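Single-letter residue listing:
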Amino acid sequence: PPARSAEWPVNPVTVVRGFEPHERFGPGHRGVDLLAVPGQPIGSALPGIITFAGDVAGRPTVVVDHGGDLRTTYLPVEATVREGDSVAGGGLIGQLAFYGHCGSTPCLHWGARRGDSYLDPRTLLEQRVVLLPLG
């Protein structure tokens with residue numbers, strides 16, 4: 001696991017579509033879609049090194065390597081970083097591009113992989129439990 005808890009890449013946070021488990025090469029949703037506004041700043045969930053900032057299948061994409069075989073992806077994001085740049089957790093990596101991944105609803109697709117396995121990126125977030133007094 002990462003040394004510290006991840007941060008949401010957008011603020012405020014509204015999940016449009018969640019992670020859907022899948023068989024290798026089968027259908028599924030290999031990340032989560034977060035409601036965002038074109039031009040909205042996008043941050044890296046964790047500190048790391050930019051390993052890719054360019055187009056994948058015509059969509060601007062940023063990939064951050066966090067060490068320990070963990071990496072996160074963000075699309076469609078017009079990068080303000082370049083390959084080899086270091087980024088802090090929550091540090092700006094770009095802005096949401098002006099076309100959507102979610103059809104007519106603008107959103108950010110946030111993905112995570114450890115090695116060859118896709119993860120629900122929300123599992124990188126710190127889970128907080130608040131205890132309330134009885135009565």
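Up top is the structure these notes are about.
Everything numeric in this text was worked out from a predicted model, so none of it was measured.

Colleague: Before we go on, may I ask you to explain the overall build of the chain in this structure?
Modeller: Within the chain, the regular secondary structure consists of zero helices and 11 strands. Here the chain, with 135 residues, has 38% of them falling under the buried criterion. Partitioning the intrachain contacts of the chain with sequence separation of at least 6 by distance along the chain shows that 60% fall at a separation of at least 24. A total accessible area of about 7700 Å² is found for the chain, and carbon and sulfur atoms account for 55% of it.

Colleague: What exactly am I supposed to notice about the pairing of strand β9 (residues 92–96) here?
Modeller: Successive side chains on a regular strand alternate, one facing one side of the sheet and the next facing the other. Relative to β9, strand β3 (residues 41–43) is paired through three bridges, and the arrangement is antiparallel. Looking at the pairing, P41 lines up with Q95 of β9. In this sheet, β9 lies alongside strand β7 (residues 77–79) in antiparallel orientation, the contact comprising three bridges. Bridge pairing in β9 places A79 opposite G94.

Colleague: What is the right way to read the environment of V62 from this model?
Modeller: Topologically, V62 is positioned in strand β5 (residues 59–67). Judged by its relative accessible area of 0%, V62 is buried. Separated by 12 residues in the primary sequence, V62 and Y74 place their C-alpha atoms 5.3 Å from one another. When residues no more than four places from it in sequence are discounted, the contact partners of V62 are I50, F52, T72, T73, Y74, V77, A79, V81 and I93.

Colleague: Explain the pattern of salt bridges here, please?
Modeller: A pair can form between side chains of opposite charge whenever their charged atoms are brought close. For the coordinates displayed, the defined rule picks out two salt bridges. A salt bridge links D116 to R113; the nearest nitrogen and oxygen atoms lie 3.6 Å apart. Given a relative accessible area of 23%, R113 falls into the partly exposed group. Close ionic contact of R122 with D120 constitutes a salt bridge, the shortest N to O distance being 2.8 Å. On the basis of relative accessibility, which here comes to 17%, the residue D120 falls in the buried class.

Colleague: Help me understand the sheet that holds β3 in this model?
Modeller: One key point about sheets: their strands pair by backbone hydrogen bonds, in either a parallel or an antiparallel sense. On the basis of which strands lie adjacent, the open sheet formed by three strands has the order β3-β9-β7 and antiparallel pairing. Whereas interior strands pair on both sides, the edge strands pair on one side only; in this sheet they are β3 and β7. Each neighbouring strand pair of the sheet contributes to a mean axis angle of 45°, computed without reference to strand direction.

What counts as what
Residues numbered from 1 in each chain as written. Predicted model: local features only at pLDDT ≥ 70, side-chain atom pairs only at ≥ 80, totals over all residues. Heavy atoms only, no water. Helix = DSSP H or I, 4+ residues; strand = E, 2+ residues; numbered from the N terminus. Buried < 20%, exposed > 50% of the residue type's maximum accessible area, 1.4 Å probe, protein only. Contact = heavy atoms within 4.5 Å. Areas by Shrake-Rupley, 256 points an atom, 1.4 Å probe, with all protein chains shown as cover. Pairing = 2+ DSSP bridges. Salt bridge = Lys/Arg side-chain N within 4 Å of Asp/Glu carboxyl O. Axes fitted to C-alpha atoms, helices over the stretch in contact; angles between N-to-C directions.

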